[in-house]
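Here is what each chain is made of, one letter per residue.
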Amino acid sequence: MSDGVRTGPESSERPLSEAYDTALLDLDGVVYAGGNAIAHAVGSLERARAGGMHLAYVTNNALRTPGAVAEHLTELGIPAAAEDVITSAQAVARLIAEQVPAGARVLVIGGEGLRVALRERGLEPVESADDDPAAVVQGYGGPELTWGRFAEASYAVARGVPWFASNTDLTIPSGRGIAPGNGAAVEVVRIATGKEPQVAGKPLPPMHRETVIRTGAKRPLVVGDRLDTDIEGAFNGGVDSLLVLTGVTDGPRLLAATPEHRPTYVDADLRGLLTSQPEITREGEGFRCGGWTATAGDARLELDGDGEALDGLRALCAAAWTAAGEGSCELDGGKALARLGL
């Protein structure tokens, strides 16, 4: 980086699983999608763990309890215990507990994960705005969450009850595509009340704090598929990140990333944990990675060479981010990306 602005993915001579002590792994779009393991995820995590890397699973999805998530991971062939899972429900429960009296009632708009996390902090979950709650908490409740729950939250928030949200991800990956996330539900209450919630989940500091408290990581690597939660969360926490292209982020979004959304490393999937990361070098007006050279022309990004498609994408990122500086790249990269099949 130059002056704090990342101008290209960085390199690592050592496999990332050796260079970092803990992988802070997002789940949806990284480890699984729609409940099924993503290709290469199980084997890659098994090898990383066998090599001594601690694996922690960090999710903004507040629906399921850590125990349920760990059970699902184990069923997929990734042995995990409840203490290996950190959720935004845990982060928001700690945030609430710091601001309300011990044993206070909290109106829950969401699933069992929120209720368990609140009880862990000594708080009492309730279901109605008429139960005299000291706070309202909203988290992803799945497709079965009824419209009446949003009304219940709105009644309490409009009365001045403090409002908290586990996270504000507008979308969530599913086996059938991209579905509305908790952020979409939060918007419903925001529109009805004109109020703003306190938010705990990625990319905000409460989630990073919860993760560090629970894992004790000394040299963590955030691994995710989203620029606006996983990568920005790593940026806010001052730690390195690996973006995998198995979820919502594609080539065009990556090239257009602003500094806080630029990952330290980029790879196709979780096999990237097990390998070194190639060096990107400056050559005249362009950037070389593997067999590819990328330059920023007057109106577009230009790519020349052949070999590993990801090397071409990394070189393109260096050209795009250098051209963009602290902004977002507006050069046309369509032709270059099409050549890479991305």
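First, a word on what this report is: a plain description of the structure on this page. A quick note: this is a predicted structure, and the numbers were derived from the prediction, not measured. (Residues numbered from 1 in each chain as written. Predicted model: local features only at pLDDT ≥ 70, side-chain atom pairs only at ≥ 80, totals over all residues. Heavy atoms only, no water.)

## Some thoughts on the pairing of strand β18 (residues 292-296)
Alignment of strand β17 (residues 286-289) against β18, held across four bridges, turns out to be antiparallel. Bridge pairing in β18 links R288 to T293. Once β17 ends, the chain turns through two residues before running back antiparallel as β18, passing G290 with a positive phi of about 60°. Bridging between β18 and strand β19 (residues 301-305) involves five bridges; their strand directions are antiparallel. Opposite T293, over in β19, you have D304 as the bridge partner. The turn linking β18 back onto β19 is made up of four residues. (Pairing = 2+ DSSP bridges. Helix = DSSP H or I, 4+ residues; strand = E, 2+ residues; numbered from the N terminus.)

## Focus on the sheet that holds β17
The strand order across the open sheet formed by four strands is β16-β17-β18-β19, and the pairing between neighbours is antiparallel. Both outer strands of the open sheet, β16 (281-283) and β19, are each paired with one neighbouring strand and no more. Neighbour to neighbour, the strand axes of the sheet diverge by 30° on average, direction disregarded. Packing of helix α11 (residues 309-324) onto the sheet brings it into contact with β16, β17, β18 and β19, and relative to β18 it is tilted by some 20°. (Axes fitted to C-alpha atoms, helices over the stretch in contact; angles between N-to-C directions. Contact = heavy atoms within 4.5 Å.)

## Looking at the nonpolar core
Grouped together as the largest cluster of nonpolar side chains are 29 residues, with contacts concentrated most on L25, V31, Y57, V223 and L270. For this core, the elements supplying multiple residues, two or more each, are α1 (16-19), β1 (22-25), α2 (41-50), β4 (54-59), α3 (66-75), β13 (220-224) and β14 (240-244). Ignoring anything within four residues of it in the chain, the contact list for L25 reads V30, L45, L55, A56, Y57, V58, V223, L270 and L273. L243, L310, L316 and A336 belong to the second-largest nonpolar core, a separate cluster that totals 28 residues. (Core = buried A, V, L, I, M, F, W, Y, C linked by side-chain atoms within 4.5 Å. Buried < 20%, exposed > 50% of the residue type's maximum accessible area, 1.4 Å probe, protein only.)

## Examining the sheet that holds strand β9 (residues 163-165)
Strands sit in the order β7-β6-β8-β9-β12 across an open sheet of five strands; the sheet is parallel. In this open sheet, the two edge strands, each paired with only one partner strand, are β7 (124-126) and β12 (198-199). Sheet analysis places strand β8 (residues 135-138) next to β9, joined by three bridges and oriented parallel. Directly across from V136, in β9, lies its bridge partner W163. In this fold helix α4 (residues 88-97) packs onto β6 (105-109), β8, β9 and β12, with an angle of close to 155° to the strand it touches most, β9.

## Details of α2
Within α2 the residues assigned to the buried category are A41, S44, L45 and A48. Projection of α2 onto a plane perpendicular to its axis shows the buried side chains occupying an angular sector of 95°, all on one side. Those residues of α2 that are exposed and angled more than 90 degrees off the buried face are R47 and A50. At the exit of α2 stands G52, carrying a positive phi of roughly 110°. (Arc of directions from axis to C-beta.)

## Examining the side chain of N182
Relative to the assigned elements, N182 resides in helix α7 (residues 182-193). A distance of 3.1 Å separates a polar atom in the side chain of N182 from the backbone nitrogen of Y140. Not counting residues up to four positions away in its chain, the partners in contact with N182 are Q138, G139, Y140, S166, N167 and D169. (Polar contact = N/O pair within 3.5 Å; in protein donor to acceptor, adjacent residues only side chain to side chain.)

## Some details on the packing of aromatic side chains
How two aromatic rings sit relative to each other is given by the distance of their centres and the angle of their planes. The tally for this structure, following the rule as stated, stands at two aromatic pairs. Here the aromatic rings of Y20 and Y265 are separated by 6.2 Å at their centres, their planes lie at 75°, and the arrangement is edge-to-face. Note that Y20 is positioned in the loop between α1 and β1 and Y265 in strand β15 (residues 265-267), a separation of 245 residues in sequence. A relative accessible area of 4% places Y265 in the buried class. (Phe/Tyr/Trp six-rings, centres within 6.5 Å; stacked < 30°, edge-to-face > 60°.)

## Things to note about the packing of α4 against helix α5 (residues 112-120)
Here α4 crosses α5 at 40°, and the two axes come no closer than 8 Å. It follows from the interaxial angle that α4 and α5 lie oblique. The handedness of the crossing between α4 and α5 comes out as right-handed. Taken together, the residues of α5 that come into contact with α4 (itself represented by A89, Q90, V92, A93 and I96) are G113, L114, A117, L118 and E120. Residue composition of the contact of α4 with α5, by class: seven nonpolar, two polar and one charged. (Parallel < 35°, antiparallel > 145°, perpendicular 65-115°, else oblique. Left-handed = near helix turned anticlockwise from the far one by under 90°. Nonpolar A, V, L, I, M, F, W, Y, C, P; charged D, E, K, R; others polar.)

## Some thoughts on the pairing of β6
Summarising burial for β6: four of the five residues are buried, a large majority. The parallel pair β6 and β7 is bridged by α5, and the resulting crossover is right-handed. As paired elements, β6 and β8 share four bridges and run parallel to each other. Along β8, the bridge assignment pairs V106 with A135. (Right-handed = clockwise from strand over helix to strand, strands pointing away.)

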